[in-house]
Amino acid sequence: MVTVNKSLEEVVDFVKSSKEYKKCILLKKQMDSNEEVLQLIRKVKNCQKNYVKSNYDKSLEKDYEALVNTLKSIPVYSVYMQNLEVVNYMIDYIRDFLNDYFYRLLNSIEK
């Protein structure tokens, strides 16, 4: 079990040491100190909530899309999301690899 924990820690360390992860952390701190960005993120979340609750009312969709486009036009947010996408891809890849590994192991499937 110690070996498994060590291996998992190495995988986590790999992700955390990636330039994309480090950039996400840095940009998140910048966004957290920018009240304009935080306020816009809150507006987007509220608008999205109302849009979903309205059963995707077309009149609310335009407001939602306009807010999202405004948010995406902010460089710090845009770069953050690009890097977050890479980090999430790494995590998904690891998860899929482990799922496949355990599926094959538990079902005795040859590779």
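Here the residue numbering is sequential within each chain, running from 1 through the sequence in written order. Side-chain atom pairs in this predicted model are given and counted only at pLDDT of 80 or more, local residue features only at pLDDT of at least 70, and totals for whole chains, interfaces and linings cover all residues. Working from all heavy atoms in the structure, the side-chain values ignore hydrogens and water.

A separate point is the confidence of the model for the chain. The predicted model of the chain has a mean per-residue pLDDT of 94, with 97% of residues at 70 or higher. pLDDT measures the predictor's confidence residue by residue and takes values from 0 up to 100. Strands here mean DSSP runs of E at least two residues long; helices mean DSSP runs of H or I at least four residues long; both are numbered from the N terminus. Across the chain, element-level confidence peaks in helix 2 (residues 19-32) with a mean pLDDT of 98 and bottoms out in helix 1 (residues 2-16) with 91.

At Asn55, a position not held by glycine, the phi torsion is positive, near 65°. Buried means the residue's accessible area, taken with a 1.4 Å probe over protein chains only, is under 20% of the maximum for its type, while exposed means over 50%, and partly exposed covers the values in between. Exposure remark for Asn55: the relative accessible area of 63% places this residue in the exposed category. Positive phi, normally seen in glycine, also occurs at Tyr56, with a value near 65°. With respect to the secondary-structure elements, Tyr56 resides in the loop between helix 3 (35-53) and helix 4 (58-72). Taking the relative accessible area as the measure of exposure, Tyr56 reaches 46% and is therefore partly exposed.

Attention now moves to the nonpolar core. Side chains of nonpolar character tend, in soluble globular proteins, to be buried together. We define a nonpolar core as any set of buried Ala, Val, Leu, Ile, Met, Phe, Trp, Tyr and Cys residues linked to one another through side-chain atoms lying within 4.5 Å. Core analysis: the largest hydrophobic core is formed by 19 residues, its most contacted members being Met31, Val37, Tyr64, Leu71, Ile74, Val76 and Tyr77. Those elements giving two or more residues to this core turn out to be helix 2, helix 3, helix 4 and helix 5 (75-107). No other element matches helix 3, which puts 6 residues into this core. Contact between two residues is taken to exist if any of their heavy atoms lie within 4.5 Å; hydrogens are not considered. Setting aside residues no more than four positions away along its own chain, Val76 makes contact with Leu27, Gln30, Met31 and Val37.

When two helices pack together, their arrangement is given by the angle between the helix axes and by the axis-to-axis distance. Look at helix 2 against helix 5: their axes get within 9 Å of each other, and the N-to-C directions meet at 145°. By crossing handedness, the relation of helix 2 to helix 5 is classed as left-handed. Here Glu20, Tyr21, Lys23, Cys24, Leu27, Lys28, Gln30 and Met31 of helix 2 lie close against helix 5, whose contacting residues are Val76, Tyr77, Val79, Tyr80, Asn83, Leu84, Val86, Val87 and Met90. Here the residues of the contact of helix 2 with helix 5 are counted per class, giving 12 nonpolar, 2 polar and 3 charged. Throughout, an axis means a line fitted to C-alpha atoms (over the contacting stretch in the case of helices), and angles, computed between N-to-C directions, take values from 0 to 180 degrees. By convention the crossing between two helices is left-handed if the near helix lies anticlockwise of the far one by an angle smaller than a right angle, and right-handed if it lies clockwise. In this classification, Asp, Glu, Lys and Arg are treated as charged, Ala, Val, Leu, Ile, Met, Phe, Trp, Tyr, Cys and Pro as nonpolar, and every other residue, Gly included, as polar.

As a further point, take the packing of helix 3 against helix 4. For the pair helix 3 and helix 4, interaxial distance at closest approach is 9 Å and the crossing angle is 155°. Between helix 3 and helix 4, the interaxial angle falls into the category roughly antiparallel. Judged by the sense of rotation from one axis to the other, the crossing of helix 3 with helix 4 is left-handed. In contact with Leu40, Ile41, Lys43, Val44, Cys47, Gln48, Asn50 and Tyr51 of helix 3, helix 4 contributes Leu60, Glu61, Asp63, Tyr64, Leu67, Val68, Thr70 and Leu71. Put simply, angles under 35 degrees are roughly parallel, angles over 145 are roughly antiparallel, angles from 65 to 115 are roughly perpendicular, and the rest are oblique.

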